[in-house]
Structure formats: C-alpha cells, structure tokens
Amino acid sequence: MRNQIKKEMKKNEHGKEADDQKKLTGVEAEELCSWFHKTLDQKVASCKVTNRLDSSPAIVTDNESGAMRRMMRMVDTQEGGLDALPLAKQHVLINPKHPIILGLQSIREKEPTLAKVCAEQVFDNCLVAAGLLDDGRTMLPRLNDILLCVVKGANKDEK
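Residues take numbers from 1 onward in each chain, read along the sequence in its written order. Selection of residues for local features in this predicted model requires a pLDDT of at least 70, selection of side-chain atom pairs for listing and counting requires 80 or more, and totals for whole chains, interfaces and linings are taken over all residues. Side-chain numbers here rest on the full set of heavy atoms in the structure, without hydrogens or water.

Once that is clear, we can look at helix α5 (residues 112-130). Secondary structure elements follow DSSP: runs of H or I no shorter than four residues count as helices, runs of E no shorter than two count as strands, and numbering proceeds from the N terminus. In this analysis, the expected span of each helix is defined as 1.5 Å times one less than the number of residues it contains. Here α5 contains 19 residues, and its C-alpha end-to-end distance of 27 Å stays within 8% of the 27 Å for a straight helix at 1.5 Å per residue. Throughout, exposure labels follow a simple rule: accessible area from a 1.4 Å probe, protein chains only, divided by the maximum for the residue type, with under 20% read as buried, over 50% as exposed, and the rest as partly exposed. Residues of α5 that are buried include every one of A115, V117, A119, E120, Q121, V122, F123, D124, C126 and L127, and no others. The positive-phi residue at the C-terminal boundary of α5 is G131, with phi of around 75°.

Quick look at helix α2 (residues 26-39) now. Along its 14 residues, α2 runs 20 Å from first to last C-alpha, staying within 8% of the 20 Å computed at 1.5 Å per residue. When α2 is considered as a whole, its buried residues turn out to be A29, L32, C33, W35 and F36. Looking down the long axis of α2, one finds its buried residues gathered within 165° of arc, a one-sided arrangement. Among the exposed residues of α2, those pointing more than 90 degrees away from its buried face are G26, V27 and K38. Here the arc refers to the directions that run from the helix axis out to each C-beta atom.

Moving on, we come to the pattern of salt bridges. A side-chain nitrogen of Lys or Arg and a carboxyl oxygen of Asp or Glu constitute a salt bridge if their distance falls within 4 Å. With the rule as written, the count across this model stands at 6 salt bridges. For E120, the salt bridge identified is with K116, shortest N-O distance 2.9 Å. Taken together, the positions of E120 and K116, both in helix α5 and 4 residues apart, correspond to about one turn of that helix. On the basis of relative accessibility, which here comes to 17%, the residue E120 falls in the buried class.

Take S46: it is sitting in strand β1 (residues 44-49). Residue class for S46 comes out buried when judged on its relative accessible area of 19%. A polar contact of 2.7 Å, which involves the side chain of S46, links it to the side chain of H91. Side-chain atoms alone can form a polar contact between residues adjacent in sequence; in general such a contact is a pair of N or O atoms within 3.5 Å, and within protein one must be able to donate a hydrogen while the other accepts it.

The subject of this paragraph is the pairing of strand β2 (residues 58-61). Burial along β2 is two-sided: the residues A58 and V60 and I59 and T61 are all buried. For two strands to pair, DSSP has to find at least two bridges joining them. When β2 meets strand β3 (residues 90-94), the two strands line up antiparallel, connected through 4 bridges. Opposite T61, over in β3, you have H91 as the bridge partner.

Next comes the structure, spelled out in structure tokens:
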C-alpha cells in the first residue's frame, strides 16, 4: 500500500503541485466522507480524507492483502469449502482534489441515485486496485448504467 501512495504523491501528470488544483474544503470533504460511509455502510468501516493521493479518487487500506485472500480461498476450496470468503469492511481514503470526488460531491444532493451508483463504483475500483475483488463481473450492470448516463448526458448537450 505504501508503494501505491508513494507513486501518487506530489506531482500530477501536468507537473503541477497538487495544491494548485481545485479541491473540496475541509467541511465538504468531511460531509462527503460521512455520506460515503453511510451510503456504503455494509462495505465501509470508515472513510477519511487524505491529501497524499493524486491520480486515484480513493483507495482502501486494510491489513488483508489480495494475495492473502487468494491463498485463503485456495486452502478453503482444497478442504471442500465452496463458500466465498466474505470481505471485511474496508477503510477508505478519499482524495479531495480528484475530479471524480469533486463531481460526486456536486451530484450527491442533486442526483442521489446516480451519486450512490458512482460511490459504489469508486469503492469497487478501490477493491480492484487492491486486488480484493474476486469477481469483476459483478460491476458490469453498474458500469452499463453509468455509461448509459454518460451517453444520455452527451446527447442532451448536442441538442
């Protein structure tokens, strides 16, 4: 996890310092964290703000690595267990400078259903990046819904 954070620190792709970018205020970030935690209560143990990320909207931090989960699943299937190991609630760190987080903050009251779908996708993206999502196919219906919203929005703009 430290390597991922180190890779993302300090400079963005344009070479600007992270502080030069637009970001959520402290109050907005805390409100978004509270909403994110409440919205994904079954999956998220805590949500905090970090200024150490640059290119990712959020990451999960926990003691359980993806490699350890795969090893435990292998041992479990060798012993005859077919049940998937439940994923523990995760600790989420959000990046208050990232455009996705800024957009999520702006739509969470105007478009609560879309905001919830986006929050779920941000969380699943964190799980994929951490190697903790066992089956990515569970995201496909949600990704299709998000793409549909994007396409509909683009069509509105053309008119």
